[in-house]
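# Working through the structure, step by step
Spelled out from the first residue to the last, the chains are:
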Amino acid sequence: MIQNLRRHLLLGLFFLFSIVLPAQVNAVWRTAGNVVGVERKTDGVVLTLSSGARVGVTFFDLDVVRVRLAPRGVFERDFSYAVWSRDRKTVAAVVREARDRIEITTRVEGPKIVITRRPFLVSVFDARGQLIVEDDRAHPAAVDLESGAIEASKRRDHLEMYYGFGEKAFNSLSRHNQRMVMWNFDTYGYPVGLDPIYQSVPFFIALWQGKAYGVFFDNTRRTYFDMGKTDPTRYTFGAPGGELNYYVFTGGKERTPQKVLEDYTLLTGRTPLPPLWSLGYQQSRWSYYPASRVREIARGFRERKIPADVIYLDIDYMDGYRVFTWDRKGFPDPPKLLRDLREDGFRTVLIIDPGVKVDEKYAVYREGRAGNYFHQTADGKEFQSRVWPGVCAFPDFTNRRAREWFGLLHRKHLDEGVSGFWNDMNEPATFPPDGLPPQPDIYHDPERTFPLTVRHAGDGQPGDHARYHNVYGMQMARTTFEALRKLRPDERPFVLTRAGYAGVQRYAAVWTGDNAPSWAHLQLTIPMLTNMGVSGMAFVGADVGGFSGNASAELYARWLQAAALTPFFRSHIGKDLQDREPWSYGPGWEKINRRTIELRYQLLPYIYSLFHEHERTGAPIMRPLWFNYPEAVRTYTTPANFDEQYMIGTDLLVAPVMSPGEIKRAVYFPSKGAAWIDWWTGARYVGDSTKEIDAPIDRLPIFIRAGASIPIQPIVQHTGEMAHAPLGLVVALGAAGQSSFYQDSGEGYATQRNGWRITEVTQNANTIRLKHLGYEAGRPSPSSNSPVLQPSLKKSAPTGGKSKTSYLTKTPSVCASSCRSRARARSRSRNEEQG
Ligand code: MIG
């Protein structure tokens with residue numbers, strides 16, 4: 001009875017909420033009005049508008065403009081879960097007021113902000129005076145004073161494309177003409193096009209005529225974006241409450257996507273270099289049970305000589321799904337199991353869900369309740385809902401004390417030998433009440449998360465679930481990450497999360513949840529993952545083979561190939577389905593799949609190096625073509641929207657087969673003047689051409705940019721063997737060019753003092769030169785074992801306790817200024833991470 005009442009109440013609430021939602025239609029909008037007061041600030045202005053709203057328009061950084069509109073005239077505490085970097089420059093703005101407008105510039109050459117007074121409108125121009133983006137005069141910023149809803153509209157050209165928005169299940173690269181909502185949701189077996197799904201990243205990069213800018217709408221509520229769907233001449237974004245708080249990344253002088261992403265990730269953070277083992281192949285299922293089965297799987301890899309680094313334990317390892325416990329029947333001696341696996345080169349990752357079983361006999365529950373760490377309902381009672389363990393209470397990860405408490409619970413598993421953690425169900429997801437099946441066909445059942453009135457501590461800014469829902473998953477991942485940093489200060493954390501908000505990349509790798517075993521879903525992985533990459537999320541991947549059902553041998557083999565070079569590389573499948581190990585489809589397929597995984601391991605030095613580049617610049621590891629070639633209009637305008645191929649860094653083009661029965665496919669080779677060399681055949685293709693290439697079932701088509709050099713290694717069975725593997729270089733001859741790659745021990749933070757090295761490879765006519773920067777870390781050099789080329793090496797990096805600076809000044813020929821700024825950028829990012 002009470003259950004039912006609560007249910008109806010919830011439905012009622014949701015109904016109200018959904019009326020507010022398509023706010024463009026139903027809210028009682030009024031424009032934010034005219035500018036009636038101007039207050040000058042060092043970095044810009046604060047304006048009072050005739051509606052009573054107040055709005056700050058400031059330079060957040062030289063190339064970043066911030067607009068912050070408080071509909072009722074009162075700014076909130078300036079706090080954001082997304083914003084990371086605290087040491088931003090204060091930009092001295094120059095404000096010029098005219099009768100009808102206000103112009104804001106900086107003292108150095110850069111973008112200009114123009115504010116129209118009647119009505120209030122914002123335009124941003126680049127350093128050349130070219131318009132970047134402007135408010136739509138027909139739809140000025142609007143507020144609904146009743147509900148608190150806010151909205152902005154910008155003019156667009158119909159050829160302006162939009163990329164990013166985090167994890168969206170759309171099968172086109174650009175999100176123009178789409179309408180999207182940000183509301184983290186557990187969407188088992190989601191069909192292509194379903195929105196929203198697990199993650200919320202309200203950031204995008206716009207591209208028009210080769211020039212980029214970005215917008216980040218930092219509002220954690222259920223925001224929406226209409227990118228020209230309702231009206232092709234504008235796009236609109238808004239939220240049912242909070243501030244109209246957004247950043248415009250102008251892209252600097254060059255207006256490149258690279259610069260936009262660099263600035264966005266300076267603001268929201270980057271993925272710190274992960275442990276090397278987490279870039280190896282990973283094997284999972286729901287669930288490997290019991291311990292003997294886990295051992296059998298690990299042995300399966302080693303006996304068959306299929307490389308692998310990680311094995312996952314899904315929810316059945318627990319005692320009745322109680323987090324931080326073991327099912328003693330299936331896992332009588334976890335430390336022994338984990339030790340044996342580790343000796344065999346396997347790391348173990350455990351799933352941890354947020355729900356804590358309500359059970360008086362369960363210490364975790366008692367502690368959480370005693371510490372007041374669980375969420376409460378609007379009337380102050382412990383909030384409870386059903387998930388796997390039955391009725392659960394839920395830690396409030398927006399409460400620092402709750403984070404510390406839950407974080408320290410991981411100590412036990414670390415001591416047992418667990419290497420990483422997998423945060424699931426953190427949208428948060430709950431089961432529907434009244435014993436309805438946990439995974440109904442209705443994907444967006446409003447009851448499958450917390451009621452919107454559940455209370456959050458909000459780190460000093462208490463609020464309801466409607467406000468903090470989208471950060472729940474990210475704050476759980478943060479909890480895990482920070483605990484690992486504290487408990488194992490000399491090891492790099494590995495955390496995998498399903499839900500997140502902008503900035504989640506600082507804490508965790510992200511996988512795309514419960515995808516389906518279909519060719520359509522395989523095809524979806526490229527638009528999904530590349531758009532996540534340009535949303536700042538570097539460490540991304542999809543369940544290889546599709547989670548929600550069985551895959552044919554061909555689909556699995558092709559999927560494994562398509563995913564082999566994606567940042568996060570893991571096979572995973574749901575409960576009660578077929579086996580899905582690389583050998584599960586018989587010896588013929590096993591051979592093909594082994595070859596695919598071996599390719600991953602051969603290229604691991606290159607992939608690892610790209611993670612280092614991401615940490616320095618924010619650049620994605622897996623990239624859409626347009627990111628590297630924004631000026632080549634063909635790479636981003638429809639219909640030639642290259643969503644069936646991707647790039648790993650700047651030097652490798654990957655063109656997997658993603659349709660059944662195909663053994664050839666068309667590949668577009670980007671950029672006039674460039675050339676591409678087939679990894680397998682050595683065939684050469686000129687840039688800006690499309691060619692049909694062979695793609696037999698045992699081959700992933702990849703191509704190296706001529707002029708580039710790619711570090712590789714011989715096949716190893718796991719990353720633990722890499723320290724002894726000689727490094728080789730694959731040099732794509734035939735063009736002058738430069739590449740560089742990064743090496744270190746693959747674990748820990750000693751690299752800050754020593755033990756890292758960057759090698760620059762320069763090709764000219766007939767010579768190849770290598771230069772070293774950094775310190776030896778007991779890592780091998782490119783050596784005479786190199787399978788492709790045998791460069792003679794001059795050892796130039798000194799070892800020992802010298803500081804970076806003295807080394808750099810001693811070898812000006814190696815690097816001069818560029819290295820020094822690199823080293824500075826490195827130490828800056830390390831400091832922030834610890835700060
Ligand atoms: O309600 O832990 O997306 O990867 O295997 C399902 C069991 C809960 C959902 C995850 C999936 C995982 C599964 N989980």
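The text that follows walks through the structure, step by step, so that each part is easy to find. Treat the numbers as computed from the prediction; the structure is a model and nothing was measured.

Quick look at the pairing of strand 8 (residues 112–116) now. Side-chain positions along a regular strand alternate between the two faces of the sheet. Taken across its 5 residues, strand 8 has 4 buried, putting it largely inside the fold. Looking at chain direction, strand 7 (residues 101–106) and strand 8 are connected through 4 bridges and run antiparallel. Bridging across to strand 8, Ile 102 finds its partner in Ile 115. Linking strand 7 to strand 8, which pair antiparallel, is a turn of 5 residues. Adjacent in sequence and paired antiparallel, strand 8 and strand 9 (residues 121–125) are bridged by 4 residues.

Another aspect to go through is the pairing of strand 26 (residues 390–393). Both strand 24 (residues 356–357) and strand 26 contribute to a ladder of 2 bridges, which runs antiparallel. Residue pairing across strands places Val 356 opposite Ala 393, the latter belonging to strand 26. Sheet topology note: the strand 25 (residues 384–387)/strand 26 ladder contains 4 bridges and is antiparallel. Residue Val 387 lies in a different strand from strand 26, and its bridge partner there is Gly 390. Hairpin connection of strand 25 to strand 26: 2 residues between the antiparallel strands.

So, on to the nonpolar core. In this structure, Phe 216, Leu 565, Leu 603 and Ile 648 are the most contacted members of the largest nonpolar core, which totals 164 residues. Counting residues per element, this core draws most heavily on helix 10 (residues 472–487), which supplies 8 residues. Here Phe 216 is in contact with Ala 82, Pro 202, Phe 203, Asn 245, Tyr 246, Tyr 247, Phe 249, Tyr 264, Leu 267, Thr 268, Tyr 501 and Ala 502, once residues within four sequence places are set aside. Membership of the second largest hydrophobic core comes to 46 residues, among which are Val 91, Ala 141, Ile 150 and Phe 237.

At a closest axis distance of 11 Å, the pairing of helix 4 (residues 291–304) and helix 5 (residues 334–343) adopts a crossing angle of 0 degrees. By the angle between their directions, the pair helix 4 and helix 5 is classed as roughly parallel. The segment helix 4 lies against helix 5, with Ala 291, Val 294, Arg 295 and Ala 298 engaging Lys 336, Leu 337, Asp 340 and Leu 341. A per-class count over the contact of helix 4 with helix 5 returns 5 nonpolar, no polar and 3 charged.

Ordered in space as 36-37-38-43-40-41, the 6 strands form an open sheet in which the pairing is antiparallel. Edge positions in the open sheet fall to strand 36 (622–623) and strand 41 (684–686), since each of these has one partner strand only. The sheet contact formed by strand 36 and strand 37 (residues 646–648) spans 2 bridges and is antiparallel. Across the sheet, Met 622 pairs through a bridge with Ile 648, a residue of strand 37.

Mapping Asp 459 onto the fold places it in the loop between strand 28 (455–456) and strand 29 (463–464). C-alpha separation for the pair Asp 459 and Arg 400, spaced 59 residues apart in sequence, amounts to 6.5 Å. Contacts of Asp 459, omitting those with residues within four sequence positions, involve Arg 77, Phe 79, Tyr 81, Thr 398, Asn 399, Arg 400 and Arg 403. Side-chain polar atoms of Asp 459 contact the side chain of Arg 403, separated by 2.9 Å.

Of note, Phe 374 is situated in the loop between helix 6 (363–370) and strand 25. When the C-alpha atoms of Phe 374 and Ala 402 are compared, they prove to be 7.7 Å apart, with 28 residues separating the residues in sequence. In this view, Phe 374 contacts Val 356, Val 364, Tyr 365, Gly 368, Arg 369, Glu 382, Ala 393, Phe 394, Pro 395, Asp 396 and Trp 405; residues no more than four positions away in its chain are not counted.

Here we take up the sheet that holds strand 46 (residues 737–744). Taken in spatial order, the 3 strands line up as 46-47-48 in an open sheet, and their pairing is antiparallel. Of all strands in the sheet, those bounded by a partner on one side alone are strand 46 and strand 48 (767–774). On average, each strand axis in the sheet is inclined to that of its neighbour by 20 degrees, with strand direction left out of account. When strand 47 (residues 756–764) meets strand 48, the two strands line up antiparallel, connected through 8 bridges.

So, about the site of the ligand. Close to the ligand lie 14 residues, the nearest being Asp 314, Asp 424, Arg 498, Asp 514 and His 572. Side-chain polar atom of Asp 314 to an oxygen atom of the ligand: 2.5 Å apart, as the coordinates give it. Here Arg 498 contributes a side-chain N or O atom positioned 2.9 Å from an oxygen atom of the ligand. Contact with the protein chains removes 99% of the 350 Å² of surface that the ligand exposes when unbound.

Let's shift gears to the packing of helix 13 (residues 587–602) against helix 14 (residues 604–617). Where helix 13 contacts helix 14, the two axes come as close as 5 Å, and the packing angle between them is 55 degrees. Considering the angle they form, helix 13 stands oblique to helix 14. Residues Arg 600, Tyr 601 and Gln 602 of helix 13 form the contact with helix 14, whose participating residues are Leu 604, Pro 605 and Ile 607. Class assignment for the residues of the contact of helix 13 with helix 14 results in 4 nonpolar, 1 polar and 1 charged.

Conventions we followed
- Residues numbered from 1 in each chain as written.
- Predicted model: local features only at pLDDT ≥ 70, side-chain atom pairs only at ≥ 80, totals over all residues.
- Heavy atoms only, no water.
- Buried < 20%, exposed > 50% of the residue type's maximum accessible area, 1.4 Å probe, protein only.
- Helix = DSSP H or I, 4+ residues; strand = E, 2+ residues; numbered from the N terminus.
- Pairing = 2+ DSSP bridges.
- Core = buried A, V, L, I, M, F, W, Y, C linked by side-chain atoms within 4.5 Å.
- Contact = heavy atoms within 4.5 Å.
- Axes fitted to C-alpha atoms, helices over the stretch in contact; angles between N-to-C directions.
- Parallel < 35°, antiparallel > 145°, perpendicular 65-115°, else oblique.
- Nonpolar A, V, L, I, M, F, W, Y, C, P; charged D, E, K, R; others polar.
- Polar contact = N/O pair within 3.5 Å; in protein donor to acceptor, adjacent residues only side chain to side chain.
- Near = heavy atom within 4 Å.
- Areas by Shrake-Rupley, 256 points an atom, 1.4 Å probe, with all protein chains shown as cover.

Coordinates in, geometry out; function isn't part of it.
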